[in-house]
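What the coordinates show
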Amino acid sequence: MLTQTTSRVLEPSDLDAALAVLDREPVANAFVTARVQVAGLDPWRLGGEMWGWYEGGVLTSLCYAGANLVPICATPRAVRAFADRARRAGRRCSSIVGPADATRALWRLLEPQWGPAREVRTHQPLMVTDRMPDAVAPDPYVRRVRKGELERVMPACVAMFTEEVGVSPLAGDGGLLYQARVAELVGAGRSFARFDADGKVVFKAEIGAATGRACQIQGVWVAPEHRGKGVAAPGMASVLRYALTEIAPVVSLYVNDFNTPARRTYEKVGFQEVGAFMSVLF
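Residues numbered from 1 in each chain as written. Predicted model: local features only at pLDDT ≥ 70, side-chain atom pairs only at ≥ 80, totals over all residues. Heavy atoms only, no water.

1. Here we look at the layout of surface pockets
The probe, sized like a water molecule, is rolled over the atoms to show the empty space still left. Looking at the second largest pocket, its volume works out to about 240 Å³. Together, 14 residues line the second largest pocket, and Ala65, Gly66, Gly90, Arg92 and Cys93 are the ones closest to its centre. When the residues that make up the lining of the second largest pocket are grouped by side-chain class, the tally is eight nonpolar, four polar and two charged. (1 Å grid on protein atoms, 1.4 Å probe; cavity = no way out; pocket = protein on both sides within 12 Å on 5 of 7 lines; lining within 4 Å. Points joined across faces, edges and corners; volume = space filled by probe spheres on them. Nonpolar A, V, L, I, M, F, W, Y, C, P; charged D, E, K, R; others polar.)

2. A few points about the pairing of strand β11 (residues 251-254)
Here four bridges tie strand β6 (residues 119-129) to β11, and the two strands are oriented antiparallel to one another. Looking at β11, one finds that Thr129 is bridged to Val251. As defined by bridge partners, strand β10 (residues 215-222) adjoins β11 across two bridges and the pair is classed as parallel. If you follow Gln216 over to β11, its bridge partner there is Ser252. On the question of chirality, the crossover connecting β10 to the parallel β11 by way of helix α8 (residues 232-246) is right-handed. (Pairing = 2+ DSSP bridges. Helix = DSSP H or I, 4+ residues; strand = E, 2+ residues; numbered from the N terminus. Right-handed = clockwise from strand over helix to strand, strands pointing away.)

3. Description of the packing of aromatic side chains
Evaluation of the coordinates by the stated rule reveals seven aromatic pairs. Seen in terms of ring centroids, Trp51 and Phe82 are 6.4 Å apart; in terms of plane orientation they differ by 40°. Their pairing is tilted. Taken together, the residues Trp51 in strand β2 (residues 49-55) and Phe82 in helix α4 (residues 76-89) connect sequence positions 31 residues apart. Between the aromatic rings of Trp114 and Phe282, the centroid separation amounts to 6.1 Å while the plane-to-plane angle is 75°, which identifies the pairing as edge-to-face. Within this pair, whereas Trp114 is found in helix α5 (residues 100-114), its partner Phe282 is found in the segment after β12 (272-281), the two being separated by 168 residues in sequence. Taken together, the ring pairs in this structure connect Trp107, Trp114 and Phe282 into an aromatic cluster. The aromatic ring of Trp51 is capped on one face by Arg85, whose charged end is 5.9 Å from the ring centroid. (Phe/Tyr/Trp six-rings, centres within 6.5 Å; stacked < 30°, edge-to-face > 60°. Lys NZ or Arg CZ within 6 Å of the ring centre and 35° of its normal.)

4. Re the nonpolar core
Among the nonpolar cores identified, the biggest contains 29 residues, and Phe203, Ile217, Met236, Val239, Val251, Tyr266 and Phe271 are the most heavily contacted of them. Of all the secondary-structure elements, those providing two or more residues to this core are β9 (201-210), β10, α8, β11 and α9 (260-268). If we ignore the near neighbours within four places in the chain, the residues touching Met236 are Phe203, Ile217, Val220, Leu253, Thr265, Tyr266, Val269 and Phe271. One finds Val70, Ile72, Cys73 and Phe277 within the second-largest nonpolar core, a separate group that totals 24 residues. (Core = buried A, V, L, I, M, F, W, Y, C linked by side-chain atoms within 4.5 Å. Buried < 20%, exposed > 50% of the residue type's maximum accessible area, 1.4 Å probe, protein only. Contact = heavy atoms within 4.5 Å.)

5. Considering the sheet that holds strand β8 (residues 191-195)
The strand order β1-β2-β3-β4-β5-β12-β6-β11-β10-β9-β8-β7 describes an open sheet built from twelve strands, whose pairing is mixed. Only two strands of the sheet have a single partner each, and these edge strands are β1 (6-9) and β7 (143-144). Pairing of strand β4 (residues 68-72) with strand β5 (residues 95-99) involves two bridges; the strand directions are parallel. Bridge pairing links Asn68 to Ser95 in β5. This element, helix α1 (residues 15-22), spans β3 (58-65) and β4 of the sheet and lies at about 85° to β3. Set on the sheet, helix α2 (residues 30-39) makes contact with β2, β3, β4 and β9; between it and β9 the angle comes to about 65°. (Axes fitted to C-alpha atoms, helices over the stretch in contact; angles between N-to-C directions.)

6. Notes on α9
The set of residues buried in α9 consists of Ala262, Thr265 and Tyr266. Around the axis of α9, the buried residues are gathered within 95° of arc, so they sit on the same side. Turned more than 90 degrees off the buried face of α9, the exposed positions are Arg264 and Lys268. Check the buried side of α9 and you find it contacts β6, β10, α8 and β11. Remark: Gly270 follows α9 within two positions and exhibits a positive phi of approximately 110°. (Arc of directions from axis to C-beta.)

7. Some points on the environment of Ala214
The topology assignment puts Ala214 in the loop between β9 and β10. Counting along the chain gives 34 residues from Ala214 to Ala248, while the straight-line C-alpha distance between them is 5.1 Å. Sequence-distant contacts of Ala214, that is, excluding residues within four places in its chain, are made with Pro26, Val27, Ala30, Ala209, Ala248 and Val250.

8. Thoughts on unusual backbone geometry
With an omega dihedral of -5°, the bond running from Gly115 to Pro116 counts as a cis peptide bond. Residue placement: Pro116 occurs in the loop between α5 and β6. With phi around 50°, Cys73 is a residue other than glycine that occupies positive phi space. Locating Cys73 in the fold gives a position in the loop between β4 and α4.

Below, the structure written as structure tokens:
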């Protein structure tokens, strides 16, 4: 038994303790919680290690170290321990992302060795809602993407990712991992779109993370020729209806603070800011 203040890589037997930490902030931690609920703590299935920070033998903070480095309920002492471990391991992630305060502190410690970053987004409002909007009717043409429609939705997914992140998801492995992720969401019934008469995507979004307590909408995109025409809010209302009725009682998302049109759309549909994330992109 750990009776001291220390950090270590968690093992499958630590699952219940890790879930208890994740459950303290179900909205902010939805992305990691969803992965852990499916894969457990085995690094091969999880796609990375879960680091734990103990205070007096009690697990109090976590850090997911996979394609993303994600501090979870991380106290200042935990952040320092996670930064030390990350420096020793070397950078393997494509981004650091998480609650703004802990992520900012983690990046401050890692930047001398890992910097410069390609981009740092210091304030990304975390927004939530638990009800349908009164003033926005769902778009009746937004529906689940069918399994045979993967090729129709992929160009929109690639365009959204490239606009959002600044690099194409097709770089590196030719897009194999990204296509597999999109196919996974389509197969799970968590990819939604409106198609025009020619079969092209007008609007799309995914429910990227889902637990019993919260889910997270991601990948919201409107085709450039349809922007400014009132497509986004009804589309979001449709996805929100699916999310609230079939997945979780609370729906969240996070958005870049400089994306004023998106923030206005989310506010129109009833999302309210409850916190902030920060992302460091490499």
